[in-house]
Amino acid sequence: MKNYNTIIEELDYDISDLQTEIDKVNTSALKVQKANIKKLYESYVNNILDMQTTSFATLNGTEVLVWDDRFSKFWKTPNILSINEVHNKIKELNPSKDNEHYQRLISNSGSFISYMDFENYYLKGNSESSFSLTLYAWDKLKYIEYFNNRYKSTDDNSCGLINAISNDIYKDIKASQHNISFKAYHSDISTGDEASNYQHHIYSYTLPRVKEYNYSDDYKNNVIDFDARVSDLNMYSRQLSVYSSFVNTILDLHNDIDVSYFPDTKSLTDKKNELIRQRRVNFRQKIYNDIDDKVIDNLNFIGSDSNYEHYRMRDIKRFYTTNSIGVENVFRVQVLKKLESKVKLRIFVKKMFYSVDGVLLKYNSDSTKKVYVPMYVEKNVDIRLFIDFIQRYFEHVSAYGLLNNDDQENLDKIKFNESSLYKKQLNNVDNWKWQFTKIVTDSYDTTKLTLIEW
């Protein structure tokens, strides 16, 4: 006869070795991925600095801000609190130091996209995601004018104004500023019979303030200020030249630096899955050979709220005698006889009755109390369903452990209630030929009950 314990131990050892090899490959791949993420991040930072330097004269000395929708923030946010007009307004409002909106304003002013922001984004598997970069030729004087006009009112209380300044910090920075937005896609750019070639590329760009139709600014005299329009278009022309070069450079870096995570573990994983399959087969055979009587104890199902999850234990105690008929409240299964494809079982359940003076009754009255007593039924069941039930129980014992029913203080703490484990049987199951155990017939008078009553 096979020693299934030894076979399972050897398989566990081999599975553990393979998992160790898989972990090594995953760790190595993660190390490479993080190095590439850092390289790409530093490329972003350096290219933004280079763009600022080379475009200073081209864009009339305006600062270029890069808004990244992957992070919903600027790569470097202007330190608006260092601007006199903003500083003086905040001083006038005099918010308390522990005001959460004021603290968030301090945190966001002068903030930047950190390496950890960047790394976390790509560690979540976003290497092939589309994204948008919006570049602003930021005119600080326009910002100050907008800020003063918006927050000059003294009608609002100081708390309300601080909340507004904090909540809309990015919106205010963007207001009335020249910008161009670029949408970058990651897709197959091959044509015809070429092999697939997935790369990042500019899918579209948007000039928000350039309209298809332009009307008179002076509605009284119907005069269009073409000089102002030409100035705007010239500004956009210079911006498009600078920004498109920057974005193309960034996307070239994306295509050259692989920040994806695809460790080559298929062969090792296939071997591990085959060993897991073999273990499952041997474990099921071990159950068939070794388990003749099994008590289903309560498991340590504690939820995230630190309370007991009774529904999960009810699920474990449901025994399917066919693919569609489940017996509730099973606390013990006893093997009476093993047949060729079936097994004859004695299935024990808890059944609810009412008791008065030692007499069991089906129905409640003022003088009765609720009791849960053991009953059993004998059934021929497909051997696979018996093994499924026992295997599932053992797997959960391994994962969660047993509940200590003797620790009443802990049971009270986790709000464990034995009666909450009880579930009413289906009618067709309730009408089987259930029998009381000897301990029940010795302890109670059952003569008031008839077979049809349960």
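Located above this text is the structure these notes cover.
Below is a summary of the structure that appears in this document. The model shown is predicted, which means the values in this text are computed figures rather than measured ones.

The next thing to look at is the overall build of the chain. Looking only at helices and strands, one finds 14 helices and 13 strands in the chain. Compactness check: the chain gives a C-alpha radius of gyration of 36 Å against a globular reference of 22 Å for 454 residues, more than 25% above the reference. With 454 residues in all, the chain has 40% of them scored as buried. Long-range pairs, those at least 24 residues apart, make up 74% of the contacts in the chain with a sequence separation of at least 6. As displayed, the chain offers around 26700 Å² of accessible surface, 47% of which is attributable to carbon and sulfur atoms.

At a minimum axis distance of 10 Å, the contact between helix 1 (residues 4–54) and helix 8 (residues 226–256) shows a crossing angle of 165°. Viewed along their axes, helix 1 and helix 8 adopt a mutual orientation that is roughly antiparallel. Both helix 1 and helix 8 take part in a crossing whose hand is right-handed. Facing helix 1, whose interface residues are Leu40, Ser43, Tyr44, Asn47, Ile48 and Met51, helix 8 presents Val242, Tyr243, Phe246, Thr249, Ile250, Leu253 and His254. Classifying every residue of the contact of helix 1 with helix 8 by side-chain character gives 9 nonpolar, 4 polar and no charged.

With that out of the way, let us pick up the nonpolar core. The biggest cluster of nonpolar side chains holds 44 residues, and the ones touching the most others in it are Phe319, Leu345 and Phe386. Of the residues forming this core, the biggest block, 7 residues, is contributed by helix 11 (residues 383–400). With residues near it in sequence (within four places) discarded, Leu345 still touches Phe319, Val333, Gln334, Val335, Leu336, Val377, Glu378, Lys379, Val381 and Phe386. In this structure, Leu40, Leu59, Val66 and Leu253 belong to the second largest nonpolar core, which totals 33 residues.

This part covers a nonpolar patch on the surface. Among the surface-exposed residues, Leu30, Leu123 and Tyr261 lie close enough to one another that they form a single nonpolar patch of about 220 Å² accessible area. By secondary structure assignment, the location of Leu30 is in helix 1.

Attention shifts here to the pattern of salt bridges. Taken as a whole and assessed by the stated rule, the structure comprises 22 salt bridges. Notably, a salt bridge pairs Arg346 with Glu378, separated by 2.5 Å at the nearest N-O pair. Placement of the pair is Arg346 in strand 10 (residues 342–356) and Glu378 in strand 12 (residues 369–382), with a sequence separation of 32 residues. Exposure remark for Arg346: the relative accessible area of 22% places this residue in the partly exposed category. Residue class for Glu378 comes out partly exposed when judged on its relative accessible area of 32%. It is possible to trace a salt-bridge network through shared partners that takes in Asp315, Arg318, Glu328 and Arg392.

Cut-off values and rules
- Residues numbered from 1 in each chain as written.
- Predicted model: local features only at pLDDT ≥ 70, side-chain atom pairs only at ≥ 80, totals over all residues.
- Heavy atoms only, no water.
- Helix = DSSP H or I, 4+ residues; strand = E, 2+ residues; numbered from the N terminus.
- Rg over C-alpha atoms; globule rule 2.2 N^0.38 Å.
- Buried < 20%, exposed > 50% of the residue type's maximum accessible area, 1.4 Å probe, protein only.
- Contact = heavy atoms within 4.5 Å.
- Areas by Shrake-Rupley, 256 points an atom, 1.4 Å probe, with all protein chains shown as cover.
- Axes fitted to C-alpha atoms, helices over the stretch in contact; angles between N-to-C directions.
- Parallel < 35°, antiparallel > 145°, perpendicular 65-115°, else oblique.
- Left-handed = near helix turned anticlockwise from the far one by under 90°.
- Nonpolar A, V, L, I, M, F, W, Y, C, P; charged D, E, K, R; others polar.
- Core = buried A, V, L, I, M, F, W, Y, C linked by side-chain atoms within 4.5 Å.
- Patch = residues over 30% accessible without salt bridge, like charges linked within 9 Å, V, L, I, M, F, W, Y side chains within 5 Å.
- Salt bridge = Lys/Arg side-chain N within 4 Å of Asp/Glu carboxyl O.

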